[in-house]
Amino acid sequence: MAIINRNMFGASITEPPGGAQLMVVPLNLIAEIVSHVDSTGDLARLCRTCRVLNYMALPQLYRNLTLTSYDKIRYRGEQPEGIGSASPFTMGLNAIITRSYATLVRSITLRGEWKENELEEHARVGRVPDASMLLNIAARAAIDRMTNLESFYWELNTKMLDTVITGLTQLPKLTSLMIRFPSSRHPQPTFVIPGMPHLRCLKITHIDPLCYPDDIATLICKSRKLRELKLHWSPRMRDVHEPSVSLHDYFRKLIASKQPLAVKKMSFQNLYAFHTEDFNFAFDPTTVEDVTFLSGVDGSSLVNTFIGSSWPTVPPHAKLRIKSFRLDAVSKRNSEFIGNFSGLERLYFVNVTSESSDLLNCPQPRGGAISSALTPPTSGHYLSGAPSGNATNPSITSASPASQLNAIASVRDLYLSHITTNHGATLRHLLLPSKWPLSTKMTARLVHSCPNLEQLALATEFSSMESLGLLIPSLRKLKAIRLLIPQSSGQSTIGPANSTLKLSPPRVALMSDIKAMQETIANAKTLAEVVDIDDSILSKMLSYDLGNKQVYGNVKLISMGWKAWELRDFYKDPIPPGTKQEWSSRTNGDNASLEITTDSPTPTQGTNSAGLCTPYQPVVARKSPDTQTTHIPSWSNPLGTRHSPLPPSTLGKRLRDQDKSETPRPQTYGYIDRRDESEDVAVFRGACCPYTLTDDGFVWRRRVRRVGWEVLQNWEVWALDAQDI
C-alpha cells in the first residue's frame, strides 16, 4: 500500500458545525470498531467516507473475497448489475489484477454459474471453450498477484484447468483448498493434480469417475501437512446404484509408499463404494479425531445392502482417539461400531437428508413449515452398517406399521445403550434424531449418564415434556438445549397414542387476557402447534419459566422446533396485579400442607385436556440455597413438573450452586417439612404460571430475545444438522 501521509492523522474530520469530532476518539479504538464490521457494503461505504477510515477498512474489505457469477443478468430495481462496465464478478477480478489490493487478500471464493457457449460443439472437436479458458487465465493472473493468499475455493460449475492448478502450487502460504468438479460429461482435459506441501485442509466436491476424473492421488500423498480431508461424491452414483468409486485409486500412492496420512478430521459424503482392506493403511487411525459420514438417503434403497455389508463394524485399530462423530444413517451395524470404542465428546445425528428436509425443526429462513399431523415414515430406517452405506431390512419394509415402529425403537435403544455406557462420561455435544421421541425414563437415564453435556438436542414424548424441568438442572454445564418436533407430530411415533403436551399459559398484563391465553395453549395437542403460537406469548412464558437463576443460570439458548430464543440477564419484576394468595395450614402429624388459589379464571377440574390450572392442588415451596429466592415448581410447562403430585425424581433437582458437602433434605411432594416453618417462605402463583420470588415481593424474570440463523449457526447442534461437510 502507498506510503501514508502524516497529515492524514492530523486532519480534523468533523460532522456539520457543532457536531462531535471523529478524531477525538483514539485511532486504536476506531480500528477496533472497524474490525467488528462484517457487512461488505458497510465496509465499502466506510472506505468512501474519509482517508483515515479508508486506510483502516480497506484491508478488511479485501481480506476475504467472494465473487459470484450468474448465467443471467440480474437487476436491482430497474438497473442491471454492473451498468456502465461489466458484471461484478469480472470487475472484482479486474480490481485484483490491475490495482494494488491483491496483497491484502487472504481468502478468495469463486462460485456460481459460468456460461459456456457451444460447449457440445467444442467438445466434438476436442477444444476448450474460449470463455472457460479466458476465465482460467484471469483467475491465474489474480492468483499470481495474491502472494499472501491462504485459502482458495473454486465453486464454479465449470472445470478448473491446469493453468490455475499450476499457479496454486507456487503459493507459499496456501493452507486451504477447495475444488468443485463439474457434473457434465462433455470431454475436457484431465490432469494429475500435483502436491502442495503447505496444504492443511483439502475439500473436493462432486467427484464422479465418469465426469472429468482428475487424479488427486498425488495431491493427497504429497501434502504431508494435511490435517483435514473432505471428499464429496456426486449423488448420481447412489441414485442409479452404480458402485464405480474405487477408494484404492485415490489412496494408492499412500498405500504404496507405506506412509499413512496423519489427518485429524476426515469427512466423506455420498460415498458409494465397497470397502477394501488396504483402505485401512491409507490413514493413521490414532490421529483421527473427527469423523463425518453423510449418505444423504433415508434408507429407502435395498440395493445399498450389498455395499453396506462390506464395511466392518469393528474398528481397525484398538487405540482410536475419535472425539467427534457425525452421521445421518442409523442402523444396528452402525450402532455396533460406536459401541466398540469410547471417549466421544461430540455426537451428531443429522436429521436432514436429500429425501427429508425436516422443515419443522429447521431454523434457517427457508424452513419453518407448519404441520400439526405429519405422516409417519414409510420405511423403518433400518439402515446398513457401513459409514457410507445404507440398507433397509426387507422384512421391515413390508411389515406392518407396528413392526416398523418396533424396529425403530430397537435401533434407538441400541444407540442409547452404547452412548450411555461407552461415551456418557465424556460427551459434551449430543444431537439425537427427531424420529426418536424419548420417554421420561429414557431422558432421565441419558441425563444421568451424560453429566457434562453443554449442547443437547432431542425429541421427547409429549407426555414427558414436563419432566425436563427436573432433569435439566442435573446438567450443570448445559448452555444450549434444542427441543425437536417428532417427525410424526400428530401422534406419538414410539409410545402411547394421543399424548398431549402440557404447558403453562404465559403471563400477560391484563388478567382478562389470561383465560384466552389458557384456551390457546390448552387447545394445543402437539409441540408443533405450541411453537406456532405468537412469539410474544411464548417469550413471556419463557421469561417466567426460566427465571430461576440457580437452575437455568448457565443456559444461554433454547429452541422449540423452528423457533429459538436467546436467554439474557435476570431482572426483578413486580407481581402482576389481579391475583391473591390464600394460605391454609392443615396439621397432619409433623407435616403441614399448603394450598394456593388465584382469582384468575380457571377451568373446572377434569375439563381441561391439557391439565391446566386445576384449582386447589397442593404444591410444594422449596427454599433454594440462595436465600433471596423461592422457586415454585412448574406443573404444566415444557420445562417444569406436572401439577399433580409426582414421586421424587431418581435424579433429584440439584441446584447448580449447591455445596456438594451439603446433605440434601428428604422432600415429600404436596407437603412442606416442619423444619422449614421457621423460614420466611413467600409463595406465589398467579394464573398457574411458575414464578421465582425474591424476599422483597418481586418475581424473577429473564430477558429473552427471538433469534434466527445468524445466532444459531454458531452453535453446533444447529449448524451441523445439515447435509454439508
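Residues numbered from 1 in each chain as written. Predicted model: local features only at pLDDT ≥ 70, side-chain atom pairs only at ≥ 80, totals over all residues. Heavy atoms only, no water.

As annotated in an unreviewed UniProt entry, the chain carries the name F-box domain-containing protein and is attributed to Penicillium hordei.

S.K.: Would you take a moment to explain the packing of helix α7 (residues 130-145) against helix α8 (residues 162-169) for this structure?
M.R.: Packed helices, taken two at a time, are described by the angle between their axes plus the distance between the axes. Between α7 and α8, the least distance of the axes is 8 Å, while the angle of their chain directions is 10 degrees. Judged by the angle between their axes, α7 and α8 are roughly parallel. Each of Met133, Asn136, Ala139, Arg140, Ile143 and Asp144 in α7 lies in contact with α8, whose residues at this interface are Thr163, Val164, Thr166, Gly167 and Leu168. Split into classes, the residues belonging to the contact of α7 with α8 amount to five nonpolar, four polar and two charged. (Axes fitted to C-alpha atoms, helices over the stretch in contact; angles between N-to-C directions. Helix = DSSP H or I, 4+ residues; strand = E, 2+ residues; numbered from the N terminus. Parallel < 35°, antiparallel > 145°, perpendicular 65-115°, else oblique. Contact = heavy atoms within 4.5 Å. Nonpolar A, V, L, I, M, F, W, Y, C, P; charged D, E, K, R; others polar.)

S.K.: Can you walk me through unusual backbone geometry in this structure?
M.R.: When glycine is set aside, most residues are seen to have a negative phi, and most peptide bonds are trans. Backbone geometry places histidine 241, a non-glycine residue, at a positive phi of 55 degrees. With a relative accessible area of 32%, histidine 241 lands in the partly exposed category. Unlike most non-glycine residues, asparagine 270 shows phi in positive territory, near 60 degrees. Within the secondary structure, asparagine 270 sits in the loop between β9 (265-269) and β10 (290-294). (Buried < 20%, exposed > 50% of the residue type's maximum accessible area, 1.4 Å probe, protein only.)

S.K.: Would you mind showing me how to read the packing of aromatic side chains here?
M.R.: The description of two aromatic rings rests on the distance between their centres and on the angle between their planes. All told, the structure shown has eleven aromatic pairs when counted by the stated rule. Ring plane angle 40 degrees and centroid distance 4.7 Å describe the contact between tyrosine 62 and tyrosine 101, whose orientation is recorded as tilted. Taken as a pair, tyrosine 62 in helix α4 (residues 51-63) and tyrosine 101 in the loop between α5 (88-98) and β4 (107-112) lie far apart in primary sequence, 39 residues in all. Seen in terms of ring centroids, phenylalanine 251 and phenylalanine 283 are 5.1 Å apart; in terms of plane orientation they differ by 65 degrees. Their pairing is edge-to-face. (Phe/Tyr/Trp six-rings, centres within 6.5 Å; stacked < 30°, edge-to-face > 60°.)

S.K.: Just checking my understanding: could you explain the environment of leucine 231 for this structure?
M.R.: With respect to the helices and strands, the residue leucine 231 is situated in strand β8 (residues 228-233). Along the primary structure leucine 231 and serine 267 are separated by 36 residues, whereas in three dimensions their C-alpha atoms are 6.3 Å apart. Among residues more than four places away in sequence, those in contact with leucine 231 are Ile204, Ile207, Ile216, Phe251, Ser267, Phe268, Gln269 and Ile725.

S.K.: How do you make sense of the pairing of strand β15 (residues 455-460) when you look at a structure like this?
M.R.: Each regular strand shows side chains that alternate between the opposite faces of the sheet. Counting buried residues along β15, six of its six residues qualify, which places the element largely inside the surrounding structure. Two elements, strand β13 (residues 429-431) and β15, share three bridges in a ladder whose sense is parallel. Pairing of leucine 430 across the sheet is with leucine 456, part of β15. In terms of strand pairing, β15 meets strand β16 (residues 480-483) through four bridges, oriented parallel. Counted as the bridge partner of glutamine 455 is alanine 480 from β16. (Pairing = 2+ DSSP bridges.)

S.K.: Before we go on, may I ask you to explain the nonpolar core in this structure?
M.R.: For soluble globular proteins, nonpolar side chains are generally found buried alongside one another. Leu110, Phe152, Leu168, Trp233, Phe251, Leu347 and Leu432 are the most contacted members of the largest nonpolar core, which totals 132 residues. With seven residues, α4 is the single largest residue contributor to this core. Those residues within four positions of leucine 347 in sequence are excluded, and the remaining contacts are Phe325, Leu327, Ile338, Ile419, Leu427, His429, Leu430 and Leu431. One finds Ala457, Ala459, Leu557 and Leu712 within the second-largest nonpolar core, a separate group that totals 14 residues. (Core = buried A, V, L, I, M, F, W, Y, C linked by side-chain atoms within 4.5 Å.)

S.K.: Looking at this model, I keep getting lost on the pattern of salt bridges. Mind explaining?
M.R.: Side-chain pairing between opposite charges can occur once the charged atoms of the two side chains come close. For the structure shown, the criterion picks out 23 salt bridges. A salt bridge links glutamate 345 to arginine 346; the nearest nitrogen and oxygen atoms lie 3.7 Å apart. Its relative accessible area of 23% is what places glutamate 345 among the partly exposed residues. With a shortest N-O distance of 3.4 Å, arginine 568 and glutamate 566 are connected by a salt bridge. Owing to a relative accessible area of 22%, glutamate 566 belongs among the partly exposed residues under this scheme. Because the salt bridges share partners, they merge into one network encompassing Glu345, Arg346, Arg428 and Glu454. (Salt bridge = Lys/Arg side-chain N within 4 Å of Asp/Glu carboxyl O.)

S.K.: Would you take a moment to explain the side chain of arginine 702 for this structure?
M.R.: Counting through the fold element by element, arginine 702 comes out in strand β25 (residues 698-707). Despite being buried, arginine 702 has no salt bridge partner; aspartate 569 is the closest side chain of opposite charge, sitting 7.4 Å away. When sequence neighbours within four positions are dropped, the list of residues in contact with arginine 702 reads Ser543, Leu546, Tyr552, Gly553, Val555, Lys556, Leu567, Arg568, Asp569, Phe570 and Tyr571. (Lys, Arg positive; Asp, Glu negative; His and termini not counted.)

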